[in-house]
Amino acid sequence: MGRFLIQRLVHLVWVLLAVSILVFLLIHMSGDPIRLLTPLDAKPEDVERVRALYGLDQPIPVQYVRFLRGALRGDLGESFRYQRPAFELVMQRLPATALLALVTLGLTITVGIPVGLWIGARAGHAVDWVISLVTFVFISLPSFWLGVLLILLFADRLRLLPASGFESPAHLVLPCLTLSIYTSGLITRIVRADVSDVLRQDFIRTARAKGVGERTVLGHHALRNALISTVTVLGLQLGNLLGGSVVVESVFAWPGVGWLMLQGIQTRDLPLVRAVVLVVGTAFVLINLIVDMLYLYLDPRIRYDHSG
Amino acid sequence: MTRRQRHDDRYTRRDLLQRAAILAGTGVALDLWSLRAHVLAAPGTRPAPIGNLLIVQGVDAESLDPHVTTSGASKGMMWAMYDKLLERSADMKIIPWLATQWRVVGETTWELKLRDNVYFHNGEKFGAEHVRDTIMRFKNPGIRNVYAGQLRPVRDVQIVNPLTVRIHTDGPFALLAEVLSIYCEILPKAITGGEVDPTRRAIGTGPYKFTEWLPGQRMVMDFAERPHFSGQPRVRRLVWRPVSEAATRLVELKTGAAHLITPVDPIQVPELEATKNVDVIAFRQLSSQIVVLNSLKVRQFQDARVRQALNHATDVDTLIRTVMRGAAYRLGSAFGPGIPGYDDALRPYAFEPDRARQLLSEAGFRDGFEVTLFSPEGRYLNDRLASEAIAAMWTRVGVRTRVQVMDWSPFVQGVLGKTHDAFFFQQVGVLLDATVSINFDSERKGAAWQGYHNEEANRLIQDAVKTMDAGRRNDMYKRLNQIVYRESPWVFLWNQQGVYAKQKRVAGWTPHVDGIIRLGDISLS
């Protein structure tokens, strides 16, 4: 177990290193950052001076080594655009994104799992058909369209909720709804599929034959087995959400990491994009680690030390 | 374990693809097209400021440092807290601000009289030393100020007395007043002396003082207790919020969560006009929408007749009516009204396809030629649509045109690398000197210069900067505009319409044509 953890943490370092090189190359390959940072009516000599101030006049390998040296000291560089430490900017935005992600996750679990379980136990019935169709629609709705639609309905027409911003719990409702409509649909479908699969297996028939109550069969046997893939998908979705939902954050002016990254990409703000990717990448790897740990609890047959 | 890894890989790839699709779909919507206004009010008795004014713009400020910010949206925010030596009226005339008088006292010297009884928000009394220190900071090569070159000719700032400065320049520098009315916000010693970090805290002499900035969320300013010389402010608190989605901005205004929004998509105008309590304010922007013809890449463009032919082949009125839905004003020459050298005697090229064919034939291209028109998508209003329509019009007279749509970044690289045959472009820049020199001066070969060459144009551009007499300078720019009109290195299209929307209870506000918000006498009734 200890060896497994150490392996995974070493793995994390490699992932981050690879990601940082990739971000570096992609940003440089996709255009000269300084020309996107500076207005087109800036004089050429000013552009060159500012390029040197940002260190962008150095060869790319030199820039990368400089970045690594800084990163080892915990300095991810200063955002070109905001002139503030990139790491600080990301950490300022992370709480908003984390709040959105966790509430969405909570909604997804409270809606998706019970509904999936319920229709999984009724696979083939009319109710299963109807709900499956609804969830299919839910996961197919593009979030930018859904977000704007919800704003028009709840903020503009009904005047029940604020359209955008990050001020009060009411501001959380529409972005969370937009995100969780997709994730709940997804989880409902996964739980339904797994539960209906498990319920056809021999051990369930045995349990029922032994006289185990339907509630226990569903809650204990079926659900626990269905949870392996559910937890996997939830973990990945949480990683996704922590990366910031670019579309939802920009539609609702939610000051999170995704919107920050979008701005960073548009202006080729290398340190900012790098910091977002590294922080989010770390979160993603750690969430996967937690998911792996959860498997141990959910399925006692899984042992990591033997598989190396 | 292996089963788990497979799962993990599969979902990770899918996840990355999904994210890439989201990013691609979002596009480059955050354009830095912003808006503003201002009226110089008479000082005197001031009604107590009331209410919170909520302004929603498409983008946030890039920084709190006024010498580093470049976007119009940021400048509007900065100018509520910081003052410049000179200002612009709504029609872009230079007006007194922290400097009450300015005059040329020699070929290389300007004298500025400064306003008395002006205080920074930290209590410092404004005076000549602040002007000297601020100008020196603006020019400091260590500051990431991309406009530092605008004051490069300034050699030295001499303090004559606490309220008079003389600015000495290397050679005649006629544009000083123009530059000071747009750049160089005046800073307190606390900032120029390094005691306060201007990226964390703003301290100006403006009508509003800095309260907080949560990047991406809101910037808050409260009225400065000491009355401002302009008569401002009339509201207690300003809250600026960035909302990138146009539909969301509109709902914020309709529901009262915003008092003033910008930019407004012309498509939204009918809906807003039908909304009670909302005013729509449209104005003619300064920036010129054009097609730049690259004669470095396409040899046929070296012949002025070919460039004129393309102007005659482009039915701009129809484009404005259809593609732009009327939200544009026809441009007769390189620049529209509000820019020095504008000449309303220059009539737009008439739409005459036959004349275009004849000119092409005279130039020796009876059979036409092939060309690629590059266009960004989503950067300017209806850019792709307009480019496609223009390509069809050119093809009809024999210039077989293919449109290539590009993401903004490679598009800009092509502009700077001068590799596009022709491109759909918006020329911004309030200062004519900077703009014309990067476009038309074949000695400087600035960013947007694409092979155009005319000795007289070069000379006019270079001499105008040194011509201290404003009338003569204006004549020189007028002459330049006439040359550029005749030789048409661009296809002249339109000035886009800028649109603001505000609640009816917002009073006393006029937009500036440069699209930067100056609050002026804005108030809430």
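The coordinates are above.
What you see is a predicted model, and the numbers here were worked out from it, not measured in a lab.

Side note on the overall build of chain B
A tally of regular secondary structure across chain B gives 15 helices and 21 strands. Taken over C-alpha atoms, the radius of gyration comes to 25 Å for chain B, in line with the 24 Å a tight globule of 525 residues would show. If you line up chain B on its principal axes, its C-alpha atoms span 75 × 70 × 55 Å. The 525 residues of chain B split such that 62% are buried. When contacts within chain B are restricted to residue pairs at least 6 apart in sequence, those whose partners lie at least 24 apart make up 71%. Element-wise, carbon and sulfur atoms account for 49% of the exposed surface of chain B, whose accessible area totals about 19400 Å². Here chain B contributes 68 positive and 57 negative side-chain charges, whose respective centroids are spaced 3 Å apart.

Topic: the packing of helix H12 (residues 257–266) of chain A against helix H13 (residues 270–298) of chain A
Residue and element names in this part refer to chain A. The geometry of H12 relative to H13 is characterised by a closest axis approach of 8 Å and an angle of 145° between their N-to-C directions. The two elements H12 and H13 cross, and the hand of that crossing is left-handed. In this structure, H12 uses Val257, Leu260, Met261, Gly264 and Ile265 to contact H13, whose residues at the interface are Leu272, Val273, Val276, Val277 and Val280. Residues that form the contact of H12 with H13 fall into these classes: nine nonpolar, one polar and no charged.

Some words on the packing of aromatic side chains
All names here are of chain B. For the structure shown, the criterion picks out 25 aromatic pairs over all chains. Plain terms: the ring middles of Phe120 and Phe126 are 6.5 Å apart, the flat faces sit at 65° to each other, and that makes the pair edge-to-face. With respect to burial, Phe120 and Phe126 carry one shared label: buried. The structure contains a cluster of three or more aromatic residues connected by ring pairs, namely Tyr380, Trp408, Phe411, Phe423, Phe424, Phe425 and Trp494. Taking NZ or CZ as reference, Lys84 lies 3.3 Å from the ring centre of Trp79, over its face.

A few points about the interface of chain A and chain B
Counting residues at the interface gives 67 residues for chain A and 67 residues for chain B. The largest share of the area that chain A buries against chain B comes from Leu40(A), Asp41(A) and Arg84(A), three residues that together contribute 12% of it. Our count for the chain A to chain B interface comes out at six salt bridges. A salt bridge links Arg152(B) to Glu45(A); the nearest nitrogen and oxygen atoms lie 3.2 Å apart. There are 18 residue pairs in polar contact (both at pLDDT 80 or more) connecting chain A and chain B. Here the side of chain A that touches chain B is built from residues that sort into 33 nonpolar, 17 polar and 17 charged.

Brief notes about the sheet that holds strand E5 (residues 99–106) of chain B
All names here are of chain B. Spatially, E5-E6-E8-E7 is the arrangement adopted by the four strands of the open sheet, whose pairing is antiparallel. At either margin of the open sheet sits one strand with a lone partner, and together these are E5 and strand E7 (154–161). Strand-to-strand twist of the sheet, defined as the mean angle between neighbouring strand axes without regard to direction, takes the value 20°. Both strand E6 (residues 109–114) and strand E8 (residues 164–169) contribute to a ladder of five bridges, which runs antiparallel. If you follow Thr109 over to E8, its bridge partner there is His168. Packing against the sheet, helix H3 (residues 128–139) makes contact with E6, E7 and E8, and its axis sits at approximately 170° to E7.

Some words on the nonpolar core
Membership of the largest hydrophobic core comes to 178 residues, with the highest contact counts inside it found for Leu85(B), Met219(B) and Trp394(B). With nine residues, H13(A) is the largest single contributor of residues to this core. The residues touching Met219(B), leaving out its near neighbours within four places in the chain, are Ala61(B), Leu64(B), Met77(B), Met78(B), Met81(B), Phe210(B), Glu212(B), Trp213(B), Leu238(B), Val239(B) and Trp240(B). If you look at the next biggest cluster of nonpolar residues, it comprises 70 residues, including Val191(A), Leu218(A), Leu223(A) and Val251(B).

Side note on the pattern of salt bridges
A complete count under the given rule lists 47 salt bridges over all chains for this structure. Residue Arg234(B) pairs with Asp521(B) through a salt bridge whose shortest N-O separation is 3.8 Å. Placement of Arg234(B) in the loop between strand E10 (218–223) and strand E11 (237–242) and of Asp521(B) in the loop between strand E20 (511–512) and strand E21 (523–524) is noted, with a sequence separation of 287 residues between them. Among the residues examined, Asp521(B) registers a relative accessible area of 15% and is labelled buried. The partner of Glu456(B) in a salt bridge is Arg479(B), and the shortest N-O contact between them spans 2.8 Å. Taken together, the residues span a long stretch of sequence, with Glu456(B) in helix H14 (residues 455–464) and Arg479(B) in helix H15 (residues 470–487) at a distance of 23 residues. In this structure Arg479(B) comes out as partly exposed when scored by relative accessible area, which is 29%. Each of the salt bridges in this network shares a partner with another, and the network as a whole consists of Glu45(A), Asp46(A), Arg49(A) and Arg152(B).

Some points on unusual backbone geometry
Residues and elements named next belong to chain B. The omega torsion across Gln232 and Pro233 is -10°, close enough to zero to call that bond cis. A cis amide bond links Thr262 to the next residue, Pro263, at an omega of -10°. For Asn277, which is not glycine, the phi dihedral falls at a positive 65°. Note on placement: Asn277 falls in the loop between helix H7 (269–273) and strand E13 (278–293). According to the relative accessible area criterion, Asn277 is exposed, its value standing at 52%. Even without being glycine, Asn382 reaches a positive phi, approximately 50°. Mapping Asn382 onto the fold places it in the loop between strand E15 (369–376) and helix H11 (383–396). According to the relative accessible area criterion, Asn382 is partly exposed, its value standing at 25%.

What counts and what doesn't
Residues numbered from 1 in each chain as written. Chains lettered and ligands numbered in written order. Predicted model: local features only at pLDDT ≥ 70, side-chain atom pairs only at ≥ 80, totals over all residues. Heavy atoms only, no water. Helix = DSSP H or I, 4+ residues; strand = E, 2+ residues; numbered from the N terminus. Rg over C-alpha atoms; globule rule 2.2 N^0.38 Å. Buried < 20%, exposed > 50% of the residue type's maximum accessible area, 1.4 Å probe, protein only. Contact = heavy atoms within 4.5 Å. Areas by Shrake-Rupley, 256 points an atom, 1.4 Å probe, with all protein chains shown as cover. Lys, Arg positive; Asp, Glu negative; His and termini not counted. Charge placed at Lys NZ, Arg CZ, Asp CG, Glu CD. Axes fitted to C-alpha atoms, helices over the stretch in contact; angles between N-to-C directions. Left-handed = near helix turned anticlockwise from the far one by under 90°. Nonpolar A, V, L, I, M, F, W, Y, C, P; charged D, E, K, R; others polar. Phe/Tyr/Trp six-rings, centres within 6.5 Å; stacked < 30°, edge-to-face > 60°. Lys NZ or Arg CZ within 6 Å of the ring centre and 35° of its normal. Buried area = accessible area lost by both parts, 1.4 Å probe. Salt bridge = Lys/Arg side-chain N within 4 Å of Asp/Glu carboxyl O. Polar contact = N/O pair within 3.5 Å; in protein donor to acceptor, adjacent residues only side chain to side chain. Pairing = 2+ DSSP bridges. Core = buried A, V, L, I, M, F, W, Y, C linked by side-chain atoms within 4.5 Å.

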